[in-house]
There are 2 protein chains.
Amino acid sequence: MDAISIGLLGLGTVGSGVITIIENHQDKLMHQVGCPIRVKKVLVKELGKDRAVKIDEAHMTTNIEDIINDPDIDVVIEVMGGVDKTKEYLLQAIKNKKHIVTANKDLMALYGSELLTAAKENGCDLFYEASVAGGIPIIRSLVDGLASDRITKMMGIVNGTTNFILTKMTQEGLPYDSVLKEAQDLGYAEANPASDVEGLDAARKMTILATLGFSMKIDLDDVKATGITTITEEDLHYAKQLGYTMKLLGIAQRNEGKVEVSVQPTLLPQSHPLASVHNEFNAVYVYGEAVGETMFYGPGAGSLPTATSIVSDLVAVVKNMRLGVNGSLAVAPQHEKNLKGSEEIYSKYFLRLHVKDEVGVFAEITSVFSKHGVSFEKILQLPVKEEDLAEIVLVTHLASLKNYEDILMELRDLKAMKEIKSSYKVEGSAGA
Amino acid sequence: MDAISIGLLGLGTVGSGVITIIENHQDKLMHQVGCPIRVKKVLVKELGKDRAVKIDEAHMTTNIEDIINDPDIDVVIEVMGGVDKTKEYLLQAIKNKKHIVTANKDLMALYGSELLTAAKENGCDLFYEASVAGGIPIIRSLVDGLASDRITKMMGIVNGTTNFILTKMTQEGLPYDSVLKEAQDLGYAEANPASDVEGLDAARKMTILATLGFSMKIDLDDVKATGITTITEEDLHYAKQLGYTMKLLGIAQRNEGKVEVSVQPTLLPQSHPLASVHNEFNAVYVYGEAVGETMFYGPGAGSLPTATSIVSDLVAVVKNMRLGVNGSLAVAPQHEKNLKGSEEIYSKYFLRLHVKDEVGVFAEITSVFSKHGVSFEKILQLPVKEEDLAEIVLVTHLASLKNYEDILMELRDLKAMKEIKSSYKVEGSAGA
């Protein structure tokens, strides 16, 4: 078989990693696919720049047409990012019968279904392992490894930046702002960190995972995301004291065919497998009816880890090319979208309140909960230093989101309520 | 496409799970493969027995010929166990162009290469995800997910029985014998537990993982296995005090093309991802040159988890049947076997000694190590109660296996040496 020709869109951190792996692992790749793989053309913004990898200028272009209209090019690897323009490029490439490997979570979360349909219609593969959790082969594990099972729950630490920040805040007792600054200095967080710290990046990844895991087209708008920007040292202190660890968690759950997907800071028991996922690492916990608990752990980003997933996808494309079966294995979602209402979404909650330190306040607060049929797993009441206030920290038993939102509204209206300091989801029970 | 017909060899715990999943998940399976899947015939030892799943007697047989010679049967699922007879059955089935899915680690560790070759020659698939780490899709992750990477190290907790025993011993401070008894009562350990507790079961799984991960035919005889039967409460106490957790660990490592594979109780830093794998759970930690650290966690055994892997393999077979590409993707090992000699295998070691409590003994012992160029990371010396002895506990820096074995021999010959109480591998450095 002739060499396989790749067109690479983008030569940033991940693009350089792709070039490095294809060069360094050529032997292994050749052994697996039976032919050489060469990068024929790389799309860059400008020529003549210093780069992490050395590439002959003859192999670079600033014109997308040189790649998507080159009949020699078999596979387009997209690591340039962006959404609308990138989508047009890829659709054009697919029309020209090129297979696609992409790391673009924004694109897949918004237009994955449209792109996958176009690919299938044109007999092309479109793989996107690198779009979720960098080097962890989670998409393959959902599609192939757990193919026979019915997945009922996925929980993911799928954003390395926020996991780094929360780990540092927890381990070193530092405030959010100073740890964010450190993460920016280390290159773990961007100058404008909004997409990470507001939970949007994690929401995109959960959209992709939920669509696959539940075989149901979930849209990014269906995923409510809350970030980590308001988490305080006090919250982490109480979490620890109660036996929990705070993580920014994507949660996708299915019950009787109905689905919920969300991203928010969540208290996990310290004994939970996800609680030991530290620093910039990612992990996805998958619960299947038959298999039970599984977890997939690894680097969520970085040049070479992400490139590993991309080149592994490329290997799959080339194997399919040899067998002449590209595009044949794609399966459309099995189920119509069916989202839970807020009265069907159940969780436990952690709540921290500042109230006036008066007789009867405690009873007033607990009566709001009992009115809605919500009871407590734990309650602490403590005085607040230098103020005429008391701090109440509580963990509820399971409550519907609707009931909980009603409770929050009623608590806010209490005369004795000074401030609802914080409110978080709680998963499982800590032994403490 | 017509229904796919399965012949099932064995109807024990795992076989019943296979029937259950095929029945309960028929919708999802049908959606994925585009045709119904039915179990046509089940091989059992005797008819008319009470069973966990209900099957019409017409679908059962005690005669293997009814399955391997039935031209209707497309796929044989083997969950009967055993080696020699089972191998003959499967070779015969392959000759009759039947695809194979097996959960049989003993068979795959001993004859995997022969069976895979036969399957490829006959255009048949042979998949064996369930043979290692039950419900964890580790084989797929090595073959597909990390296809582009060069794997340099794998460490596995791949035996649930021993992990259960060590977890209980560690958490509850109980002796080996009583925990083994508890494990037997709970059904986690067999009446004759030798294959688990001596490390042989783990060695079989590491043989399979190393062969795949390093693309090199490793034989079971190449894997030195030490079990957990001599681990004492004192060992676990010291391990904990030094910041380590004891695990029965399969370790497969490659350096410059040369490979070592072993199974032994090993001290892991408490912060290592594998150290939080408790009870009967399994996990495989994989280090790739490009991807870095990954870990795959889940149930290592059990009816439904193991059956999940089997039926996922079945889905892959049926997809390949639809595309007409069975047997085409199997890749023979890329490298000739190249094992490290004992002078090339490096590790740190934990050693616990009882010596006569005399002047100069300590110097005598340390001089044996320094003679072989091995230095210490940690040393404790403590008196032994009610005896005229001292206990010395030490952790070495990296030493070659050859040097370490020489050191042990020389220590045994020292006049002041009462007993070498225990000796374990140590992975990584504990902060403590």
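Fair warning: this is a prediction, and the values are worked out from it, not measured in the lab. (Residues numbered from 1 in each chain as written. Chains lettered and ligands numbered in written order. Predicted model: local features only at pLDDT ≥ 70, side-chain atom pairs only at ≥ 80, totals over all residues. Heavy atoms only, no water.)

Turning our attention to the overall build of chain A. Along its length, chain A carries 14 helices and 17 strands. Computed over its C-alpha atoms, the radius of gyration of chain A comes to 24 Å, within 12% of the 22 Å expected for a compact globule of 432 residues. The dimensions of chain A, computed from C-alpha atoms along their principal axes, are 85 × 45 × 35 Å. In chain A, of all internal contacts separated by at least 6 residues, the share reaching a separation of at least 24 is 73%. (Helix = DSSP H or I, 4+ residues; strand = E, 2+ residues; numbered from the N terminus. Rg over C-alpha atoms; globule rule 2.2 N^0.38 Å. Contact = heavy atoms within 4.5 Å.)

Domain assignment breaks chain A into domain 1 (4–134 + 303–323), domain 2 (138–299) and domain 3 (346–426). The C-alpha centroid of domain 3 of chain A is placed 52 Å from the C-alpha centroid of domain 1 of chain A. (Domains from an automatic or database assignment.)

Contacts between the two partners involve 49 residues from chain B, matched on the other side by 49 residues from chain A. Each partner contributes to the roughly 4400 Å² buried at the junction of chain B and chain A, and carbon and sulfur atoms together form 59% of this total. Of all residues in chain B, the largest losses of buried area upon contact with chain A belong to B:His31, B:Ser148 and B:Tyr297, amounting jointly to 14% of the total for that side. One can count zero salt bridges joining chain B with chain A. The tally of links between chain B and chain A comes to 27 residue pairs in polar contact (both at pLDDT 80 or more). Of all the secondary structure elements, the ones that give two or more residues to the side of chain B that touches chain A are helix H1 (13–24), helix H2 (26–33), helix H6 (138–145), strand S12 (292–299) and helix H12 (303–323) of chain B. Of the residues in the side of chain B that touches chain A, the class split is 24 nonpolar, 16 polar and nine charged. Where strand S12 (residues 292–299) of chain A lies against S12(B), three bridges are found, and the strand directions are antiparallel. Looking at the pairing, A:Tyr297 lines up with B:Met295 of S12(B). (Buried area = accessible area lost by both parts, 1.4 Å probe. Salt bridge = Lys/Arg side-chain N within 4 Å of Asp/Glu carboxyl O. Polar contact = N/O pair within 3.5 Å; in protein donor to acceptor, adjacent residues only side chain to side chain. Nonpolar A, V, L, I, M, F, W, Y, C, P; charged D, E, K, R; others polar. Pairing = 2+ DSSP bridges.)

To continue, consider the sheet that holds strand S4 (residues 75–78) of chain A. Residues and elements named next belong to chain A. The six strands lie next to each other as S3-S2-S1-S4-S5-S6, forming an open sheet whose pairing is parallel. For this open sheet the edge positions go to strand S3 (60–61) and strand S6 (126–127), each flanked by a neighbour on one side alone. Alignment of strand S1 (residues 4–9) against strand S2 (residues 37–43), held across six bridges, turns out to be parallel. By the bridge assignment for S2, Gly-7 is matched with Lys-41. Lying over the sheet, helix H12 (residues 303–323) contacts S1, S2, S4, strand S5 (99–102) and S6, oriented at roughly 165 degrees with respect to S5. (Axes fitted to C-alpha atoms, helices over the stretch in contact; angles between N-to-C directions.)

Attention now goes to the UniProt feature "binding site: L-homoserine" (unreviewed entry) in chain A. Under the present numbering, the feature "binding site: L-homoserine" (unreviewed entry) in UniProt falls on A:Glu190. One can find A:Glu190 in the loop between helix H8 (176–186) and helix H9 (194–197). (UniProt positions renumbered as here; feature names shortened; annotations may be inferred.)

Tallied over the entire structure, the rule returns eleven aromatic pairs over all chains. Ring geometry for B:Phe281 and B:Tyr297: centres 5.0 Å apart, planes at 5 degrees, overall stacked. One end of the pair, B:Phe281, is in strand S11 (residues 281–288); the other, B:Tyr297, is in strand S12, and 16 residues separate them in sequence. For the pair B:Phe281 and B:Tyr297, one class covers both residues: buried. Its end group placed over the ring of A:Tyr111, A:Lys87 keeps NZ or CZ at 4.1 Å from the ring centre. (Phe/Tyr/Trp six-rings, centres within 6.5 Å; stacked < 30°, edge-to-face > 60°. Buried < 20%, exposed > 50% of the residue type's maximum accessible area, 1.4 Å probe, protein only. Lys NZ or Arg CZ within 6 Å of the ring centre and 35° of its normal.)

Let us look at the relation of the copies chain B and chain A. The operation relating chain B to chain A is a screw motion whose rotation component is 180 degrees, with 0.0 Å of axial translation and a residual RMSD of 0.0 Å. As the rotation angle and translation indicate, the two copies are arranged about a two-fold axis. For chain B, the smallest separation between a C-alpha atom and the rotation axis is recorded for B:Phe296, amounting to 2.4 Å. Mapped onto chain A, 100% of the interface residues of chain B are again interface residues, and the two copies thus contact each other with one and the same surface. (Least-squares fit on C-alpha atoms with pLDDT ≥ 70 in both.)

Per the counting criterion, the structure on display carries one cavity of 30 Å³ or more. The computed volume of the largest cavity comes to approximately 90 Å³. Lining the largest cavity are A:Pro273, A:Ser276, A:Val277, A:Met295, A:Tyr297, B:Pro273, B:Ser276, B:Val277, B:Met295 and B:Tyr297. Of all the elements in the fold, those that place two or more residues in the lining of the largest cavity are S12 of chain A together with S12 of chain B. Looking at the lining of the largest cavity, its residues break down into eight nonpolar, two polar and no charged. (1 Å grid on protein atoms, 1.4 Å probe; cavity = no way out; pocket = protein on both sides within 12 Å on 5 of 7 lines; lining within 4 Å. Points joined across faces, edges and corners; volume = space filled by probe spheres on them.)

Looking now at the nonpolar core. As a rule of thumb, nonpolar side chains are buried together in soluble globular proteins. Within the largest apolar cluster, 155 residues are counted, with the highest numbers of intra-cluster contacts made by A:Ile138, A:Ile165, B:Ile138 and B:Ile165. Setting aside residues no more than four positions away along its own chain, A:Ile165 makes contact with A:Tyr176, A:Val179, A:Leu180, A:Ala183, A:Val197 and A:Ile228. A:Val18, A:Ile310, A:Leu314 and A:Val317 belong to the second largest nonpolar core, which has 35 residues in total. (Core = buried A, V, L, I, M, F, W, Y, C linked by side-chain atoms within 4.5 Å.)

Residue and element names in this part refer to chain A. In the numbering used here, UniProt assigns the "binding site: NADPH" (unreviewed entry) feature to Lys-105. Mapped onto the secondary structure, Lys-105 falls in helix H5 (residues 105–121). Filtering out sequence-adjacent residues up to four positions away, Lys-105 remains in contact with Ser-131, Asp-201, Arg-204, Lys-205 and Ile-208.

Residue and element names in this part refer to chain A. Between helix H2 (residues 26–33) and H12, the least distance of the axes is 10 Å, while the angle of their chain directions is 30 degrees. Classified by the angle their axes make, H2 and H12 are roughly parallel. The element H2 and its partner H12 pack so that their crossing is right-handed. Within the contact between the two elements, H2 uses Leu-29, Gln-32 and Val-33 and H12 uses Val-311, Val-315, Val-318, Lys-319 and Arg-322. Counted by class, the contact of H2 with H12 contains five nonpolar, one polar and two charged residues. (Parallel < 35°, antiparallel > 145°, perpendicular 65-115°, else oblique. Left-handed = near helix turned anticlockwise from the far one by under 90°.)

Glancing now at the state of the cysteines. Under the defined criterion, the tally for this structure stands at zero disulfides over all chains. B:Cys35 forms no disulfide, and the closest cysteine sulfur to it belongs to B:Cys124, at a distance of 17 Å. (Disulfide = S-S within 2.5 Å.)

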